[in-house]
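Chain and residue survey
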Amino acid sequence: MSKAEDFGGALYRALRQRHTLQPLIQQDPALTIDDAYAISLNFLSRRLADGERIVGKKIGVTSKAVQDMLGVHQPDFGFLTDWMQVDGDIDIDGKALIAPRAEAEIAFILKSSLNGPGVTAADVLAATASIAPCFEIVDSRIADWKIGIVDTVSDNASCGVYVVGKERLDPAGLDLPNLHVAVTRNGEPLSEGYGHAVQGDPAQAVAWLANTLGAYGVTLDAGDVILSGSLVPLAPAAKGDRFEMTLSDDTGPLGTCVANFV
């Protein structure tokens, strides 16, 4: 059995049976980023065999705040499936979440494909139908969130589920780096941040994703939802918690998103 099959199967069982694994890099210190990507694809293939369908991709660990929290100092990437998309309340048990944390992000909904290398931020904007406020609920199948870059890439970039707000905004004319997000938890102010937290510009982060995945023969496709990375430190979530984010610019609020945990 290959490393991809061995660890991909272990992560799949951890997801379905709701348990954690010791860090993969501890189990095999020779694992590389390329190994991690192969593990991630094997993990994904098992989910697709269950009937899940790819609906987008995600960037993780893009902001300094999140990098410092996790001790991972380069971005990672993963896949979104239809099973991971939540419309309404987030059922922690139903989605087998282990140690969920909420991240406020900007989602890009693509109208045309992007195939790296060579994709620029301008290319991303030209390919984007709309943006939307979004919560990604990250989760880890690695025990106690003791992750390095190999572990988080292998584990589908530590993604759990995600919620996209109802508003669809035309990015043309918006100053994406200076969009502001304010997050509350249970009605109390929690955090705030700006678009420039993710590689200086959320569109630049999506370009990085297109170029990084392009090296592995993976494209960003028309209709994909692309999560561009957290604008704020990630926050632990528990049953009963209600997170709300408001995305705004200097003209006022542009849209909201709610992550309500039950």
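Attention here is on the structure that accompanies the text. Everything numeric in this text was worked out from a predicted model, so none of it was measured.

1. Some points on the packing of helix H1 (residues 3–17) against helix H3 (residues 33–49)
Orientation of H1 relative to H3, taken along the N-to-C sense of each, is 50°, at an axis distance of 8 Å. Our classification of the angle between H1 and H3 gives oblique. Judged by the twist between their axes, the crossing of H1 over H3 is right-handed. Contact residues: Lys3, Ala4, Glu5, Phe7, Gly8, Gly9, Leu11, Tyr12, Leu15 and Arg16 in H1; Asp35, Ala38, Ile39, Asn42, Phe43, Arg46 and Arg47 in H3. Of the residues in the contact of H1 with H3, the class split is 8 nonpolar, 3 polar and 6 charged.

2. Quick word on the packing of aromatic side chains
What the rule picks out here adds up to 6 aromatic pairs. With 5.6 Å between their ring centres and 55° between their planes, Tyr37 and Phe77 make a pair best called tilted. Pair noted here: Tyr37 is in helix H3 and Phe77 is in strand E2 (residues 76–81), with a separation of 40 residues, a long-range link. Take Tyr37 and Phe77: they sit in the same class, and that class is buried. Plain terms: the ring middles of Phe243 and Phe261 are 5.9 Å apart, the flat faces sit at 75° to each other, and that makes the pair edge-to-face. Here Phe243, found in strand E10 (residues 242–249), pairs with Phe261, found in the segment after strand E11 (252–260); they are 18 residues apart in sequence, far enough to count as distant.

3. Some details on the side chain of Thr152
By the element assignment, Thr152 lies in helix H6 (residues 149–154). For Thr152, the residues in contact, after removing those within four places along its chain, are Asp76, Ile147, Ala157 and Ser158.

4. Some points on the pattern of salt bridges
For side chains of opposite charge, pairing can occur when their charged atoms come near one another. Taken as a whole and judged by the stated rule, the model has 10 salt bridges. Between Lys239 and Asp93 there is a salt bridge whose closest N-O contact spans 2.7 Å. Of the two residues, Lys239 is situated in the loop between strand E9 (235–236) and E10 and Asp93 in the loop between E2 and strand E3 (101–110); the sequence distance between them amounts to 146 residues. Of the charged contacts, one joins Asp155 and Arg141 as a salt bridge, the two residues approaching to 2.8 Å between their closest N and O atoms. Placement of the pair is Asp155 in the loop between H6 and strand E5 (159–164) and Arg141 in the loop between strand E4 (128–138) and H6, with a sequence separation of 14 residues. With respect to burial, Asp155 and Arg141 carry one shared label: buried.

5. What to know about H3
Given 3.6 residues to a turn, an α-helix orients residues that are three or four positions apart in the same direction. Compared with an ideal rise of 1.5 Å per residue, which puts 17 residues at 24 Å, H3 spans 24 Å between its outermost C-alpha atoms and is within 8% of the ideal. For H3, every residue scored as buried is listed here: Ala36, Tyr37, Ile39, Ser40, Asn42, Phe43, Leu44 and Arg47. In this structure, the buried residues of H3 make contact with H1, helix H2 (24–27), strand E1 (54–60), E2, H6 and helix H7 (202–214).

6. Remarks on the environment of Asp93
Classification of Asp93 by relative accessible area gives partly exposed; the value is 40%. Along the primary structure Asp93 and Arg18 are separated by 75 residues, whereas in three dimensions their C-alpha atoms are 9.2 Å apart. With near-sequence residues (within four places) excluded, Asp93 lies in contact with Arg18 and Lys239.

What counts, and at which threshold
- Residues numbered from 1 in each chain as written.
- Predicted model: local features only at pLDDT ≥ 70, side-chain atom pairs only at ≥ 80, totals over all residues.
- Heavy atoms only, no water.
- Axes fitted to C-alpha atoms, helices over the stretch in contact; angles between N-to-C directions.
- Helix = DSSP H or I, 4+ residues; strand = E, 2+ residues; numbered from the N terminus.
- Parallel < 35°, antiparallel > 145°, perpendicular 65-115°, else oblique.
- Left-handed = near helix turned anticlockwise from the far one by under 90°.
- Contact = heavy atoms within 4.5 Å.
- Nonpolar A, V, L, I, M, F, W, Y, C, P; charged D, E, K, R; others polar.
- Phe/Tyr/Trp six-rings, centres within 6.5 Å; stacked < 30°, edge-to-face > 60°.
- Buried < 20%, exposed > 50% of the residue type's maximum accessible area, 1.4 Å probe, protein only.
- Salt bridge = Lys/Arg side-chain N within 4 Å of Asp/Glu carboxyl O.
- Expected span 1.5 Å × (residues − 1).

Such coordinate-based values are descriptive only and should not be taken to indicate function.
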